[in-house]
Amino acid sequence: MSDTLGTSSNPPEPAVVHRPLPQDGALAKLAWFVTADHRYVFLFTSVVALVGMGLSMRGRSPMSFLANSYALEVVLYYVLVAWLVVSAAALVNKLLKWNDYAQTSVFKRPQALLAERIGSYVVCAIGLVFFVDRVVMGFDYLVATSIAQDSNPTDFLASTIYMLDKSSSIFVTGIMTTVELALFGTLIAFVLALLLVFLRIQQIDRSDNDFVRFLKTVGAGFAKAYSTVIRGTPMMIQGMIIYFAGFGLLRGSGMTVSQIGSIWSTFVAGLVTISLNSTAYMMEVLRGGIEAVDSGQTEAARSLGLSQWQAMIKVVFPQGVKNSVPALSNELVINIKDSSVLSVIGVFDLMFATTTVAGIYFKQMEIYVVAAVCYLCLTMLATWLLNKLSARLTGSAPSSLPSSN
Amino acid sequence: MQNAAVAVATATTTVATEPLIRVENLRKSFGELEVLKDISLDVMPGEVVTIIGASGSGKSTLLRCVNLLETPDSGHIWFHGEDLAADRVNINKLRESIGMVFQSFNLFNNKNVLDNCTLAPVTLKKCSKAEAEERARKHLAAVGLSDFVDAAATSLSGGQKQRVAIARALCMNPEIMLFDEPTSALDPEIVGEVLNVMRDLAAGGMTMVVVTHEMDFARTVSDRVLFMDKGVIAEQGSPEQLFGSPQQPRTREFLARYLD
C-alpha cells in the first residue's frame, strides 16, 4: 500500500513480481501465500519463533529426542532469538521508512528477500522440531503411561486415555451400531417416503371414478395423519412404544423372552423406529421439492393428454426428487445424532456405549466429551461425503451442517 | 395416427359447416371475480381465430377452458360430439387432439429436446419409440431446430424453447392448436422466429386459436378476430372489419392504444 503513496516520479521496478492468486482451492491459496506473497513474513515467523522458544522452555518428557543433544537445542533456540532480532530491526526500519519502505529498505532488496524467505522456512522447521519433541512426544509418553496404569488416573487427559484404551471395543461396537442405524434407517426411510409422498400429493382429477377418488382421499389422509403423528411425538417415546408393542405381541403369541430376543432385538426395534420416524420428515422434504416444481410442467404434460399419474411420474417427480436431494441427505446427518435417543430401549449405539463406560468407571465428563467428539467426527464425515454426492447429482450442495428436526 | 390426419383432411374438405369446437354459454369465476360471462364461440376446421383484448379480459381463461386446464363453472364445450365440460369426461383422450402452446414455454426441464417431443406419443402408446423420434425430428426440422435435438431443454433461448414447444404439440398430430400468448415472454427481436413458425402452420391448414398481443399477426394471418373485454366477446369479424372499421367504442379505444 505504501507503493501507491510513494512520491517518486520514477518508481523503481517492484522487487517481487507477484504471481496471481489462484481462484479456487483453499490449499492452493495457502500454498500461494506461503511461497509467493511476502507480506507478514516477519509477523508470522516471529509468532512461530516465540511459540518455539516457549515450547523449548517446557520440561522434556522421557521420550524427548532433544534431551540427548542439549547443544543442538541451544543452537536452535538462539537461531530463533536471532530471527526475532532481525524481525525487530525490520519493524523499526518499516516505521522509519513508512512511505517508501518498499522502494528504499534494505529488507526489500532481491537478495534480502531471498534470505528472508529461506530464514522463514528455517524458523518454521525449528518450530516444528520443538513441537514434535515437546507436544507430540509428550503426548506419546502420556498415552504410554496412562495405558500402563493399574487404576484410573485422576488427570483428565490421562483418565480419558486410560478409559478409551480399556473400553475401546465397547466404543467401536457403539459407533458401528450408530452408523448402521443411521445409514440403513435413512435408506429404508427414503424408499418409504417415496411411496408415502405419492399418497400425500394425490389430487382428485375430473376423470377419476368413485373408487379411485375414494382411494386417493384415504391415501392422502393417511399420509397426512402419519406425518402429523410421527412429527408431533418424540422419537424416544416412539422407540419405547414400538419396542414394547412388538415385545407384547410376540409374548402374547406364546414365545419365550429369549426367543423374542432373537427376532425382535433392540437393534431391530431401533431400526424400525428410526426408519418410520425419518420417513415422515423425508416425506415432507419430498413434498416440498415436488411442490416447488412449476405448475406449468404439469399443465404442459396434461395438455398433451398425459393423465395426472403419468405427468407426475414422467415429469414432476424426477424434478421434485432432484430438488430435494440436499435436504434429503441432511436426514442422514440428523439420524446419526438422533439415533442416540434409542439408547433408552437398550440399543447398543454410541450413546449406550458411552453411558456403559461412564457407569463402569464413575467418570462422566471425560467420557461424554469423547462421545461428543465421536458424533462430531461422524456427522462431519457424513456431511462431507453427502456434499460430494449431491454436488454430483445436482450441481449444488448444502453449505453446512443441517439444523435439527 | 394416420386416422387422425385423415380426419382432419376430410373435415376441412367436406363438412365446412360443422364446427370443430363449439363453445356454448361458458361461464367461469375465480371467487367473486367473474372472468367469463356467457361466452359462445364456434371454431371451424382450418380456421385461424385470434383473440385480442386487454389484460384481464378473459382471453387466456377462455383458451384454458377449451382444454379444461381451467374447469368452467357452467356451459358446454363440444368437441367430436362430446361435451368437455361435462363431469367425468375422459379429458385425457380428448386433449391428445388439442395441442397447446404456453406463454412460458413449459418445456420439461428434466428432458432434452427430443425427449420433450417423444414423451407424450411414447407414453400414450400412440406409436413406437423409433416412430416417435422420426416424427419429432421431422417437426423439429420444420421449426428449424435440427441441430438442437440432443440439447437440454433448459439450455435453449426463449425463442428456441417456444419452437420446441410447438413441435412437441405437433408430435401428437392435434386437430387444433391453442396458443396462449406464445410471444409475450420473448424479446422483441426473436418474436419473429416464433410467429413465422405459426404462419407456416396456418398456411398448412391447421385449425388455430391464438391469444396474442401481436396485432400485425392477427391482421395478416387470422381468418377471424375476436375482441374480448371484461369477460365477453365485445366484437368479432374478419381482420379487415375489426381493424379497418371497428364498431364498438371500446374496440376503437383498445386498438388506438396498440396501433398508433
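None of the values given here were measured: they were computed from a predicted structure.

Colleague: What is the right way to look at the sheet that holds strand β2 (residues 33-43) of chain B in this model?
Modeller: Whether parallel or antiparallel, the strands of a sheet pair through hydrogen bonds between backbone atoms. All names here are of chain B. On the basis of which strands lie adjacent, the open sheet formed by four strands has the order β2-β1-β4-β5 and antiparallel pairing. The sheet terminates laterally at β2 and β5 (82-83), the two strands that pair on one side only. With seven bridges connecting them, strand β1 (residues 21-30) and β2 associate as antiparallel partners. Bridge pairing in β2 links Phe-30 to Leu-33. Strand contacts of helix α2 (residues 59-66): β1, β2 and β4 (74-79), with the helix running at about 120° to β1, the strand carrying the most contacts.

Colleague: In this structure, what is going on with the packing of aromatic side chains? I would like to understand it.
Modeller: The geometry of an aromatic ring pair is captured by two quantities: the separation of the ring centres and the angle between the planes. Taken as a whole and judged by the stated rule, the model has twelve aromatic pairs over all chains. Ring centres of Tyr243(A) and Phe247(A) lie 6.1 Å apart, and the angle between their planes is 45°; on these two criteria the pair is classed as tilted. Placement of both Tyr243(A) and Phe247(A) in helix α10 (residues 235-252) is noted, with a separation of four residues, approximately one turn of the helix. Following the ring pairs from residue to residue traces out a cluster consisting of Phe42(A), Trp83(A) and Phe107(A). In this structure, Arg168(B) is placed above the aromatic ring of Phe108(B), and the distance from its NZ or CZ to the ring centre is 4.5 Å. The lysine or arginine in question, Arg219(B), covers the ring of Phe243(B), its NZ or CZ lying 5.3 Å from the ring centre.

Colleague: Just checking my understanding: could you explain the interface of chain A and chain B for this structure?
Modeller: Interface size is often expressed as the accessible area that is lost when the parts come together. Taken together, the contact between chain A and chain B spans 22 residues of the former and 31 residues of the latter. In this assembly, chain A packs against chain B so that about 2,200 Å² is buried in total across both faces, 52% of it on carbon and sulfur atoms. Applying the counting criterion to the chain A and chain B interface returns one salt bridge. If you look at where chain A meets chain B, you find seven residue pairs in polar contact (both at pLDDT 80 or more). For the side of chain A that touches chain B, the secondary structure elements donating two or more residues are α9 (210-231), α13 (295-303) and α14 (308-338) of chain A. When its residues are assigned to classes, the side of chain A that touches chain B shows six nonpolar, eight polar and eight charged.

Colleague: What should I look at first to understand the pattern of salt bridges in this one?
Modeller: When the charged atoms of two side chains lie near each other, side chains of opposite charge can form a pair. Applying the stated criterion to the full structure yields 18 salt bridges over all chains. Of the charged contacts, one joins Glu133(B) and Lys129(B) as a salt bridge, the two residues approaching to 3.4 Å between their closest N and O atoms. Residue Glu133(B) and its partner Lys129(B) are located together in helix α5 (residues 129-142), separated by four residues, close to a single helical turn. Three or more residues are tied together by salt bridges with common partners; here these are Arg60(A), Glu73(A), Asp133(A) and Arg134(A).

Colleague: Help me understand the environment of His213(B) in this model?
Modeller: Residue position: His213(B) is located in the loop between β8 (207-211) and α8 (215-221). Each C-alpha atom of the pair His213(B) and Thr183(B) lies 8.3 Å from the other, and the pair is 30 residues apart in sequence.

Colleague: In this structure, what is going on with the pairing of β4(B)? I would like to understand it.
Modeller: Every regular strand shows the same layout, with side chains that alternate between the two sheet faces. Residue and element names in this part refer to chain B. Burial along β4 is one-sided: Gly-75, Ile-77 and Phe-79 are buried, while Ser-74, His-76 and Trp-78, pointing the other way, are not. Direction of pairing for β1 relative to β4: antiparallel, over a ladder of five bridges. In the strand pairing of β4, Arg-22 is matched with Trp-78. Remark: two residues form the turn of the hairpin made by β4 and β5, two consecutive strands paired antiparallel; His-80 in that turn has positive phi of roughly 55°.

Colleague: Please clarify how unusual backbone geometry should be interpreted in this entry.
Modeller: Working note: non-glycine residues mostly have negative phi, and peptide bonds are mostly trans. Residues and elements named next belong to chain B. For Asp-38, which is not glycine, the phi torsion reads 60° and is therefore positive. Take Asp-38: it is sitting in strand β2. For His-80, which is not a glycine, the phi torsion comes out positive at approximately 55°. When you line up the elements, His-80 lands in the loop between β4 and β5.

Colleague: Please explain the packing of α9(A) against helix α12 (residues 266-291) of chain A as it appears in this structure.
Modeller: Residues and elements named next belong to chain A. At their nearest, the axes of α9 and α12 sit 9 Å apart, and the two run at 120° to each other. The angle between α9 and α12 falls in the class oblique. The chirality of how α9 crosses α12 is left-handed. Across the interface between the two elements, Ala-223, Tyr-226, Ser-227, Ile-230 and Arg-231 of α9 pack against Leu-276, Asn-277, Thr-279, Ala-280, Tyr-281, Met-283 and Glu-284 of α12. Each residue belonging to the contact of α9 with α12 can be placed in one class, and the counts come to seven nonpolar, three polar and two charged.

Colleague: Got a minute to help me understand the domain arrangement of chain A in this structure?
Modeller: Segmenting chain A into domains produces domain 1 (2-148) and domain 2 (168-394). Relative to domain 2 of chain A, the C-alpha centre of domain 1 of chain A lies at a distance of 52 Å.

Rules of the game
Residues numbered from 1 in each chain as written. Chains lettered and ligands numbered in written order. Predicted model: local features only at pLDDT ≥ 70, side-chain atom pairs only at ≥ 80, totals over all residues. Heavy atoms only, no water. Pairing = 2+ DSSP bridges. Helix = DSSP H or I, 4+ residues; strand = E, 2+ residues; numbered from the N terminus. Contact = heavy atoms within 4.5 Å. Axes fitted to C-alpha atoms, helices over the stretch in contact; angles between N-to-C directions. Phe/Tyr/Trp six-rings, centres within 6.5 Å; stacked < 30°, edge-to-face > 60°. Lys NZ or Arg CZ within 6 Å of the ring centre and 35° of its normal. Buried area = accessible area lost by both parts, 1.4 Å probe. Salt bridge = Lys/Arg side-chain N within 4 Å of Asp/Glu carboxyl O. Polar contact = N/O pair within 3.5 Å; in protein donor to acceptor, adjacent residues only side chain to side chain. Nonpolar A, V, L, I, M, F, W, Y, C, P; charged D, E, K, R; others polar. Buried < 20%, exposed > 50% of the residue type's maximum accessible area, 1.4 Å probe, protein only. Parallel < 35°, antiparallel > 145°, perpendicular 65-115°, else oblique. Left-handed = near helix turned anticlockwise from the far one by under 90°. Domains from an automatic or database assignment.

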